[in-house]
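Per-entry structural report
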Amino acid sequence: MFIIKCPYCGDRDHSEFSYGGEAHIVRPKQPTELSDDQWAEYLFMRKNIKGLQYERWNHAHGCRRWFNMGRDTSNDKIHSVYKMGEKPEK
Amino acid sequence: MSNKFRLSTGGQINRTERISFKFNGKIFFGFKGDTLASALLANGVHLVGRSFKYHRPRGIFSSGAEETNALVQIINGKNKNDPNLRATQIEIFEGFNAESQNCWPTVNFDLGAINNLFSPIIPAGFYYKTFMWPANLWGKYEHFIRRAAGLGKSPTENDPDIYDHKYYHCDVLIVGAGPAGLSAANVAIKAGKKVLLVDERHHFGGDLSFAEEEITKINDLKPLDWIKKTYSELQNNKNIMILNRTSVAAYHNYNYLIMMQNLSDHLSEKEKKGKIRQRLWKVRAKKVILATGSIERPMVFDCNDRPGIMLSSAVRKYINYYGVKCGNNVVIFTNNDDAYETAISLHNRGVKIQAIVDIREQSNGTLPKKCNELGIKILWKNTIVYTEGYKKINKVHVMRLSNDNSSIIGNKLKIKCDLLCVSGGYTPAVHLFTQSGGKLIYNEEKYYFHPKSTSLNQISVGSCNGIFNLKKIIEETQTKTNEFLNLNHNEQLNITESKSGDFENIWLLPSDKVSGKTKPFVDYQNDTTANDIKLALREGYKSIEHVKRYTTTGMATDQGKIGNMHALGIVSKITNTKMGELGTTTFRPPYSPLTFGAIVGRNVKQFFDIVRKTPIHTWHEKHGAKFEDVGQWKRAWYYPNKNESMYEAVQRESKAARNDSGILDASTLGKIDIQGTDASEFLNRVYTNAWSKLAIGKCRYGLMLNDDGMVYDDGVTTRLGENHYIMTTTTGGAASVMNKLEDFLQTEWPELKVYLTSVTDHFATVSVCGPHSKKILEKVVKNVDFSDQNFPHMSFKEGLVDNIKCRVMRISFTGELSYEINIQSNYGQATWKKCMDAGKEFKITPYGTEAMHLLRAEKGFIIAGQETDGTITPIDLQMDWIISKKKYDFIGKRSLYRSDTMRENRKHLVGLLTDDPKEILEEGAQIVEEVKNKPPMDMLGHVTSSYYSPNLNKSIALAVIKNGKKLKGKKLFVPMPDKTIEVTVSDSVFLDKEGNRLNA
Ligand SMILES: [Zn+2]
């Protein structure tokens, strides 16, 4: 049970948020130009990282905004929280 | 029965309040302040249970949460049986009634004990080896095994007690109110911090509360007086809250802790009335101080499990805190000085110490010296090799250890006794520390694991941190707490204590017998002996986690609080691996078992889950509707007339809707208000069909896919204005569609100017259908020209019901002429009633969701989630017409051209007609081409919807079938357990293919 700092609302309890999978997977702008394999790569393939992972979160029971989070999956330490469209802090 | 083992004075029990209670059907008495264990011991009762596998007699072993033997079941009617409670923790009250567990039929005569005779053939892994193979024999054994092994009885009726949840935030949470916890609290409150101090026991002071007062003094105060003084000073501070009987069950990341507070279990039935039983605390602490203490270890030797063998510290607690002597002739077996304190306490209160058996060569501590002066016999460098006594110990066999401690030498000495105190040193209680993710380190000289590092804002103080000297505990706790809280509040205490830390350790003591002939128990509750661990290692198990599972050591309800270290030690010795490298098994929450009641709290019955009701709900209730759950909604399912079955009601409702007029409460459909200059473009992207050219005031059906091309949801969307739409979704899909659309808007298409608002609850929807629906609407809704020219199918008008604005959509899910009135929720029921009144002359009939499903099935309309299951594309549904060929992209488009979605033999939606028109198929039934004598048969697909159609007078069904598009007219089979039903593949639209009825 983390405490997550929503970039819009501040520190809130884990239970207010929902998880949205790996971050920075951009939906192809021209899907029709892609081969089946390329499209499958976008659609199905996800990383399963032990360590720092960038992922999407939604403040579902709050401001309802989506944002990104860098989280270490081995100890659940949250390294960074940033808005959609922004790049993670290095 | 008299308290013949109770001292005439002393102890913290209230001797003026006598309590009678029942145990295993017998009446005993004790005093207010007694635990069940102390009261039983005062009555001379040691035997309280049987062991899990061999059903050996077992007695009270400890005095706290670590108890491994004395599991009892509280008996209190059908609804309050409470199994797996530790007699050492339960406080008795007038009328208390409990039974032993794990004995059948009684604790004194136990049939399962026959296992003990066969124990050489019940080694580790016995259950796996014997009963898991061959698998089909398991059914034969299971009943017997479960009965023989049973861990208590669960109640058979609802729990009548009240449970509560509480969220709490604090600056500092201190777990454990022993000397370390109290000292830490003393510092923390000086900082003006909001402090929460909790302890699982009913009293404070930890083990210090039963220290021998002759030996230990703090500021010249007896230990209990110092505890009471410290406690009352803390209690007067407004910054601190102190909770007793509160056990931390789980310590999660980010300092989130779950605790269970027992509020009234210790009260009599009368006092309990109306009170909360237990409260679950969910605590967020900025900082956590763990002062969880330590647990004394036993010694592992042959037959170390008999009743009357107890932890030395427990015996000290019973005599000093409860005024109970656990025996009259005592032998003490130790490897450290702490046990000598017990000897002095017992001696001072007139109990005869027969001997102290110490595995060490000597000790230069002051306590052994004192015992010597008192004339107590000490047998240095000796070990116990065996004990005698079936239901109670009566003799110990003592032999001298060889120089290297690996074997025994010399002659056997037999000493009579009725109590054996064992003391194998202390293990820091690091359970919560490791639960929180902390890493341990092994101290090779002191033989224990203690905290090494944590990533949380947390410290461990006192004996859970591996410090056992009182002076050191208090001083170091002060220093560490000051550092932790950036303070400087040290208080000099004058502490007298004479324990030394000298300590020697032998995980498995040598014996004069070969190892197959001994029973040195490591895990008492699960009956694991050192020999089982050796066997597991011989059979190739190396990882401690595997050894644990194979031998089940540490897997009982006490989670190995007592025996875990010995199991590790034995593995370490045999495999020649350092303990530190071996690691520990994982301590998982809960530290002490929780009740389901506390976990659930008040979330029962109507509070278990949210129930959503439409504004028309009370009308449905009044008119006898049966309801069905759709998501969280209660939807009117059907409205049976007197004595009508569900089938009859649905047939009647369906017929009326087509022949006269029907009315349906469609308020539960999801409604999303979509506004913004890019609203049309947005719809283009989320639906498969084109939306840009939809005229204002028109409605359109849309199919929404996932990006994998599978159907996700469907519904009608109406264009209310240039940049304004209202979308409807399925009842169950409303929230997830909203989330999905928001997700795309915020993350993939932030450039679109579109705003979504969920308005499901804002509008009530009354749907009126049937040939007379237009006439009814004309009577109810003003300011609307209902002529077909002005108001054709798939269009919308604004009107008035009385003076209230409403939106009317002419759309149809039944295939009939049909209108939906959307009106502000609070006018929903009035509008419904107006329609009922206006429809009286046209025999308007309310119909529920079941008739609605039947009516749409006659038309072959799909229900997302019934005909589809996440593996069905629009092409599979034969709805190719709804896929725009012109649009560059929409969600799911690319996936419709994947080789798998274009595959020929996918399952397609088709109609099915039974050869016998009266035969109704079962939804979910499998369809085959060829019937075989028995399964398996090649399955082509399954029935998704099936009804008897009253309008067509025959059975109809929808199904998804492999290559169904090409099978029209083909005869297939639906094999059922008792018969095989013959069916023919048909078109999926059964009624009014031309759609004439829409304009009836
Ligand atoms: Zn937020």
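Residues numbered from 1 in each chain as written. Chains lettered and ligands numbered in written order. Predicted model: local features only at pLDDT ≥ 70, side-chain atom pairs only at ≥ 80, totals over all residues. Heavy atoms only, no water.

Okay, the overall build of chain A next. Scanning chain A from N- to C-terminus turns up one helix and six strands. Ordered by position from N to C terminus, the α and β elements of chain A give β-β-β-α-β-β-β. For chain A, the C-alpha atoms occupy an extent of roughly 45 × 30 × 25 Å along the three principal directions. Across chain A, every contact between residues at least 6 apart in sequence was considered, and the portion connecting residues at least 24 apart equals 47%. Approximately 5400 Å² of chain A is accessible, and the part contributed by carbon and sulfur atoms is 48%. Averaged over its 15 positive side-chain charges, chain A has a centre that lies 5 Å from the centre of its 13 negative ones. (Helix = DSSP H or I, 4+ residues; strand = E, 2+ residues; numbered from the N terminus. Contact = heavy atoms within 4.5 Å. Areas by Shrake-Rupley, 256 points an atom, 1.4 Å probe, with all protein chains shown as cover. Lys, Arg positive; Asp, Glu negative; His and termini not counted. Charge placed at Lys NZ, Arg CZ, Asp CG, Glu CD.)

All right, on to the overall build of chain B then. Looking only at helices and strands, one finds 24 helices and 49 strands in chain B. In terms of overall dimensions, chain B has a C-alpha envelope of 115 × 70 × 55 Å along the principal axes. Scored against the burial criterion, the 1000 residues of chain B give a buried share of 59%. Of the accessible surface of chain B, which amounts to about 41600 Å², a share of 51% is contributed by carbon and sulfur atoms. Taken as two groups, the 134 positive and 109 negative side-chain charges of chain B have centres that lie 3 Å from each other. (Buried < 20%, exposed > 50% of the residue type's maximum accessible area, 1.4 Å probe, protein only.)

All names here are of chain B. On inspection of all chains with the given rule, the structure shows seven cavities of 30 Å³ or more. Its volume calculated, the largest cavity comes out at about 150 Å³. Sort the elements by how many residues they give to the lining of the largest cavity and helix H15 (residues 564-575) lands first, with three residues. Partitioned by chemical class, the residues of the lining of the largest cavity number ten nonpolar, five polar and one charged. There is about 120 Å³ of room inside the second largest cavity. Surrounding the second largest cavity, 14 residues form its lining, Lys671, Thr728, Met809, Glu820 and Asn822 being those nearest its centre. For the lining of the second largest cavity, a count of residues per class yields seven nonpolar, four polar and three charged. (1 Å grid on protein atoms, 1.4 Å probe; cavity = no way out; pocket = protein on both sides within 12 Å on 5 of 7 lines; lining within 4 Å. Points joined across faces, edges and corners; volume = space filled by probe spheres on them. Nonpolar A, V, L, I, M, F, W, Y, C, P; charged D, E, K, R; others polar.)

Sheet strands line up and pair through hydrogen bonds in the backbone, either parallel or antiparallel. Residues and elements named next belong to chain B. Pairing in this open sheet of five strands is antiparallel, and the strands run S35-S36-S37-S34-S38 from one edge to the other. At either margin of the open sheet sits one strand with a lone partner, and together these are strand S35 (699-705) and strand S38 (755-758). Pairwise comparison of adjacent strand axes, ignoring direction, gives a mean angle of 25° for this sheet. In this structure, strand S36 (residues 711-721) lies alongside strand S37 (residues 724-729), joined through four bridges in antiparallel fashion. Following the sheet pairing, Thr717 is matched in S37 by Met727. (Pairing = 2+ DSSP bridges. Axes fitted to C-alpha atoms, helices over the stretch in contact; angles between N-to-C directions.)

This part covers helix H8 (residues 312-321) of chain B. In an α-helix, one turn spans 3.6 residues, which is why side chains three or four residues apart end up on the same side. All names here are of chain B. By the criterion of burial, H8 is predominantly enclosed, with ten of the ten residues buried. Within H8, burial applies to Ser312, Ser313, Ala314, Val315, Arg316, Lys317, Tyr318, Ile319, Asn320 and Tyr321. Looking one or two residues past H8, Gly323 carries a phi angle of roughly 65°, positive in sign.

Once that is clear, we can look at the pattern of salt bridges. All names here are of chain B. Counted by the stated rule, this structure contains 55 salt bridges over all chains. Where Glu91 meets Arg245, a salt bridge forms, and the shortest distance between an N and an O atom there is 2.6 Å. Separated by 154 residues along the polypeptide, Glu91 in the loop between strand S6 (82-86) and strand S7 (97-100) and Arg245 in the loop between strand S11 (240-243) and strand S12 (246-252) bring together distant segments of the chain. Glu91 gets classed as buried once you look at its relative accessible area, which sits at 14%. With a relative accessible area of 17%, Arg245 lands in the buried category. A salt bridge links Arg719 to Glu722; its shortest N-O distance comes to 3.7 Å. Through salt bridges with shared partners, one network takes in Arg56, Arg58, Asp305 and Asp527. (Salt bridge = Lys/Arg side-chain N within 4 Å of Asp/Glu carboxyl O.)

This part takes up the pairing of strand S25 (residues 439-443) of chain B. All names here are of chain B. Of the strand pairs in this sheet, S25 and strand S26 (residues 448-453) are connected by five bridges, and their pairing is antiparallel. From the neighbouring strand, Leu440 faces S26, where its bridge partner is Pro451. The hairpin turn running from S25 into S26, its antiparallel successor, is four residues long, and Tyr447 in that turn takes a positive phi close to 60°.

Time to look at the nonpolar core. Residues and elements named next belong to chain B. Core analysis: the biggest nonpolar cluster contains 116 residues, and Leu36, Tyr318, Phe333 and Leu420 have the highest contact counts within it. Those residues in contact with Leu420 that lie beyond four places of it in its chain are Phe301, Gly308, Ile309, Met310, Val331, Ile332, Phe333, Ile384, Thr387, Ile393 and Val396. By size, the runner-up hydrophobic cluster in this structure holds 30 residues, among which are Leu703, Leu705, Ile872 and Leu958. (Core = buried A, V, L, I, M, F, W, Y, C linked by side-chain atoms within 4.5 Å.)

Moving on: helix H9 (residues 338-348) of chain B. All names here are of chain B. A large share of H9 lies buried, amounting to nine of its eleven residues. For H9, every residue scored as buried is listed here: Asp338, Ala339, Tyr340, Glu341, Thr342, Ala343, Ile344, Ser345 and Leu346. Gly350 sits one or two residues past H9 and shows a positive phi near 85°.

One can read the domain layout of chain B as domain 1 (162-294 + 428-496), domain 2 (298-366 + 375-424), domain 3 (506-604), domain 4 (670-842) and domain 5 (862-999). The C-alpha-based centres of domain 1 of chain B and domain 4 of chain B are spaced at 60 Å. (Domains from an automatic or database assignment.)

All names here are of chain A. Protein coordination at the zinc ion comes from Cys6 (SG), Cys9 (SG), His59 (ND1) and Cys63 (SG), with a distance range of 2.0 to 2.3 Å. Here Cys6 falls in the buried class, since its relative accessible area comes to 3%. Taking the relative accessible area as the measure of exposure, His59 reaches 1% and is therefore buried. (Donors = N, O, S within 2.8 Å, 3.2 Å for Na, K, Ca; no water.)

Okay, the side chain of B:Thr434 next. All names here are of chain B. Mapped onto the fold, Thr434 is located in helix H11 (residues 431-435). The buried category is assigned to Thr434, whose relative accessible area is 18%. Not counting residues up to four positions away in its chain, the partners in contact with Thr434 are Leu440 and Phe587.

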